Every structure is written in structure tokens, then in C-alpha cells.
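# Fold and contact review
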Amino acid sequence: AVMGVKRYAATTPNSDAARSAYQRGRRARTATEARRHYEESARLDPTRPEPWNALGLNAIHRGEPGAAEAHWLRALAEDPDYYPARHNLARYRTRP
């Protein structure tokens, strides 16, 4: 793992499709489009923390901090060592 980010092997029949959907979300031009792809990624392989973390950031952008926290907690439930979600959750919880 690099900086607490694990690299995941294809662990479900949909892992490749989930990774592709996640990458489409990263390239999306709008938050709405990104959310759709991240949700697809999470649906295809709910064991990966990346789409849950991205959905958390997307929820913050939409002004939904409760949803963001829930997404980050889900990412950490899938991988307790996933640094991006841990970092985002800590920042959220220590905001002024």
C-alpha cells in the first residue's frame, strides 16, 4: 500500500466495470455526472472504498454533510486503512 491506499485485485465479477465507472466519474464535467458514475461503481463493487470516498466529496459539494460522513464511514468499513476517506472524515469532523 502506498500512503495507506491499497491496490485491489479484481475481487468480484464486476471489479473491472466498477473501476471503469469510477474513472468515468473522475473525468466527469459536472458533479451530477460524476455522482452517477460513482454510484454505478459502488453498485458494481461495493467492497471498494474509492467510490464511497468520492461520493462523500460529491455530497459535500452538494451541501449534504451528513451524507458525506455516511459515505466516508462506508469507505472505511470496506477498508479501515483507506487514507483518503480517513483524511476527509477527520477534516469534516474538525471543521469550525
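Please refer to the structure higher up on the page.
Let us look at the structure shown here. (Residues numbered from 1 in each chain as written. Predicted model: local features only at pLDDT ≥ 70, side-chain atom pairs only at ≥ 80, totals over all residues. Heavy atoms only, no water.)

## Comments concerning the nonpolar core
- Tyr 38, Trp 52, Leu 55, Trp 72, Ala 85 and Leu 89 are the most contacted members of the largest nonpolar core, which has 17 residues in total.
- In contact with Tyr 38, other than residues within four places in its own chain, are Tyr 22, Gly 25, Arg 26, Pro 51, Ala 54 and Leu 55. (Core = buried A, V, L, I, M, F, W, Y, C linked by side-chain atoms within 4.5 Å. Buried < 20%, exposed > 50% of the residue type's maximum accessible area, 1.4 Å probe, protein only. Contact = heavy atoms within 4.5 Å.)

## So, the side chain of Ser 41
- Residue position: Ser 41 is located in helix H2 (residues 31-44).
- Under the relative-accessibility criterion, Ser 41 is labelled buried at 1%.
- If we ignore the near neighbours within four places in the chain, the residues touching Ser 41 are Ala 18, Ala 21, Tyr 22 and Pro 51. (Helix = DSSP H or I, 4+ residues; strand = E, 2+ residues; numbered from the N terminus.)

## Things to note about the packing of helix H1 (residues 15-27) against H2
- Taken N-terminus to C-terminus, the directions of H1 and H2 make an angle of 165 degrees; their axes are 8 Å apart at the nearest point. One finds that H1 runs roughly antiparallel with respect to H2. Once H1 is placed against H2, the crossing between them reads as left-handed. In contact with Ala 17, Ala 18, Ala 21, Tyr 22, Arg 24, Gly 25 and Arg 26 of H1, H2 contributes Ala 34, His 37, Tyr 38, Glu 40, Ser 41 and Leu 44.
- Among the residues forming the contact of H1 with H2, the class breakdown is seven nonpolar, three polar and three charged. (Axes fitted to C-alpha atoms, helices over the stretch in contact; angles between N-to-C directions. Parallel < 35°, antiparallel > 145°, perpendicular 65-115°, else oblique. Left-handed = near helix turned anticlockwise from the far one by under 90°. Nonpolar A, V, L, I, M, F, W, Y, C, P; charged D, E, K, R; others polar.)

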